[in-house]
Amino acid sequence: MTQATTPTADTVRRVVRSLLPDSPPADGGGLRIAPVGEGGEHSTWFVGARHVLRLAPDREASRRQLRELRLRELVRPHLGVAVPVSVAHGEWASGLTYTLDTLIPGGSGEQRDVSAAGEDDLAGLLGGLREVPGQQAESLGVPRATPRSLEALRTAAERAAERLAAADEFDPARLQQLTAAGVVQLAAQPGAAFLVHHDLRGEHLVVSGDGRVRGVLDWTDAVVGDPTEDIAGLALAVGAPAAVRAATLAGYGARPCLRGLWLARCDTVTRLAERLRGRAGRPLPVLRAQLARAWEAILLERVTDETW
């Protein structure tokens with residue numbers, strides 16, 4: 001992997017001046033330029049009230065950013081929510097790219113709850129992704145991903161749960177809800193590969209004040225693969241019940257909904273345990289919130305005749 005480069009505020013001002021020469025200067029109370037707290041692998045900055053500047057820190061991230069620009073144009077007609085529009089893109093350093101995107105009005109899904117109408121928006125997102133031609137996405141360079149083994153994830157989560165129990169963070173008995181038979185029944189279905197956003201965290205959902213989902217950000221991790229990964233992402237972002245309701249509205253049955261739910265649950269246990277051991281990762285409050293959301297009870301579990 002190439003070494004990441006961190007752009008400075010001066011770097012950002014230089015790029016902005018080249019892109020928006022007629023705008024007020026960023027210094028002295030002019031055009032607002034401020035870092036975005038939630039930026040993933042990119043250095044992300046607010047530019048005024050209408051734009052966001054994203055700077056890739058290394059060549060691999062630059063490659064994925066250029067792919068994302070093409071992918072956003074492919075998915076845009078299929079989704080019922082907005083996707084950022086790039087008004088300019090280029091290089092901010094040799095081999096390192098940037099994109100100046102339109103700002104989608106709204107707040108982060110980490111801070112705003114999604115309403116019932118917002119769940120309809122998420123259903124449209126999941127359904128729209130199934131309509132995107134997978135071969136076209138692959139022709140843009142979107143990789144094909146092999147479905148993850150739920151058995152391997154459960155095994156890892158069981159080890160992690162013991163460490164969380166010692167820290168009084170989690171009750172390992174909760175994982176017993178997923179039996180060996182349930183793991184087999186919730187295996188990925190052959191031939192069920194679609195375009196997957198693959199990073200539907202709350203920070204990548206733009207939510208309006210009334211709880212509607214207005215946009216989806218950051219398509220750099222998209223793959224063609226297991227669509228239940230996006231159900232899992234929504235469980236982390238908006239909670240298990242809302243994620244399952246949205247997936248059901250999108251036409252998914254019980255098995256994919258439960259598979260996505262258990263992918264999320266195993267992930268949250270493992271990630272929190274790794275973070276508590278001092279490994280790099282998302283902030284502890286975020287990981288704890290994601291664990292709580294993923295482990296919310298859902299009606300599907302209450303009415304099923306067998307333990308999953």
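Residues numbered from 1 in each chain as written. Predicted model: local features only at pLDDT ≥ 70, side-chain atom pairs only at ≥ 80, totals over all residues. Heavy atoms only, no water.

**Focus on the sheet that holds strand β8 (residues 205-207)**
Next up, step 1: If you trace the three strands from one edge of the open sheet to the other, you get β6-β8-β9, paired in antiparallel fashion. At either end of the open sheet lies a strand with only one pairing partner, and these are β6 (107-108) and β9 (213-216).
Next up, step 2: By the bridge criterion, two bridges tie β6 to β8 in an arrangement that is antiparallel. Bridge assignment links S108 to a residue of β8, and that residue is V206. (Pairing = 2+ DSSP bridges. Helix = DSSP H or I, 4+ residues; strand = E, 2+ residues; numbered from the N terminus.)

**What to know about unusual backbone geometry**
Next up, step 1: A positive phi is found at D168, a non-glycine position, where the angle reads about 60°.
Next up, step 2: In this fold, D168 is placed in the loop between α5 (150-166) and α6 (180-185).
Next up, step 3: Residue classification places D168 among the exposed residues on the basis of a relative accessible area of 72%.
Next up, step 4: Non-glycine residue D218 carries a positive phi angle of around 55°.
Next up, step 5: Looking at the element boundaries, D218 is found in the loop between β9 and β10 (223-225).
Next up, step 6: Classification of D218 by relative accessible area gives buried; the value is 11%. (Buried < 20%, exposed > 50% of the residue type's maximum accessible area, 1.4 Å probe, protein only.)

**Things to note about the packing of helix α3 (residues 116-131) against helix α8 (residues 240-249)**
Next up, step 1: It is the contact of α3 with α8, at a shortest axis distance of 8 Å, that shows an interaxial angle of 55°. With respect to each other, α3 and α8 are oriented oblique. Both α3 and α8 take part in a crossing whose hand is right-handed. Contacts between α3 and α8 pair E119, D120, L122, A123 and L126 from the former with A242, R245, A246, A247 and L249 from the latter.
Next up, step 2: Partitioned by chemical class, the residues of the contact of α3 with α8 number seven nonpolar, no polar and three charged. (Axes fitted to C-alpha atoms, helices over the stretch in contact; angles between N-to-C directions. Parallel < 35°, antiparallel > 145°, perpendicular 65-115°, else oblique. Left-handed = near helix turned anticlockwise from the far one by under 90°. Contact = heavy atoms within 4.5 Å. Nonpolar A, V, L, I, M, F, W, Y, C, P; charged D, E, K, R; others polar.)

**A short note on helix α2 (residues 59-75)**
Next up, step 1: Over its 17 residues, α2 extends 24 Å from the first C-alpha to the last, a length consistent with the 24 Å expected when each residue adds 1.5 Å.
Next up, step 2: Taken together, the buried positions of α2 are A61, S62, R64, Q65, R67, E68, L69, L71, R72, L74 and V75.
Next up, step 3: Those residues of α2 that are buried are in contact with β3 (51-55), β4 (86-93), β5 (96-102), α4 (134-139) and β7 (194-196).
Next up, step 4: One side-chain oxygen at the N-terminal end of α2 lies 3.2 Å from the backbone nitrogen of E60; it belongs to D58. (Expected span 1.5 Å × (residues − 1). Polar contact = N/O pair within 3.5 Å; in protein donor to acceptor, adjacent residues only side chain to side chain.)

**What about the pattern of salt bridges?**
Next up, step 1: Summed over all chains, the structure comprises 22 salt bridges.
Next up, step 2: Its salt-bridge partner being R54, residue D218 comes within 3.8 Å of it at the nearest N-O pair. Remark: R54 occurs in strand β3 and D218 occurs in the loop between β9 and β10; sequence separation between them is 164 residues. Side by side, D218 and R54 carry an identical accessibility label, which is buried.
Next up, step 3: Counted as one network, the salt bridges with shared partners bring together R54, E68, R72, D101 and D218. (Salt bridge = Lys/Arg side-chain N within 4 Å of Asp/Glu carboxyl O.)

**Focus: the pairing of β5**
Next up, step 1: Burial analysis of β5 places six of its seven residues in the buried class, the great majority of the element.
Next up, step 2: Here β3 pairs with β5 via five bridges, running antiparallel. Looking across to β5, one finds that V52 is bridged to D101.
Next up, step 3: By the bridge criterion, six bridges tie β4 to β5 in an arrangement that is antiparallel. When the sheet's bridge partners are listed, A88 is paired in β5 with L100.
Next up, step 4: Connecting β4 to the antiparallel partner β5 that follows it, the hairpin turn spans two residues, and G95 within it adopts a positive phi of roughly 80°.

**Some thoughts on empty space enclosed by the protein**
Next up, step 1: Per the stated rule, a full pass over the model turns up one cavity of 30 Å³ or more.
Next up, step 2: One number sums up the size of the largest cavity: a volume of about 40 Å³.
Next up, step 3: Around the largest cavity, the lining residues are L126, L129, R130, F194, L195, P227, D230 and Y252.
Next up, step 4: Mapped onto the lining of the largest cavity, the elements with two or more residues apiece are α3 and β7.
Next up, step 5: By residue number, the principal contributor to the lining of the largest cavity is α3, which donates three residues.
Next up, step 6: When the residues that make up the lining of the largest cavity are grouped by side-chain class, the tally is six nonpolar, no polar and two charged. (1 Å grid on protein atoms, 1.4 Å probe; cavity = no way out; pocket = protein on both sides within 12 Å on 5 of 7 lines; lining within 4 Å. Points joined across faces, edges and corners; volume = space filled by probe spheres on them.)

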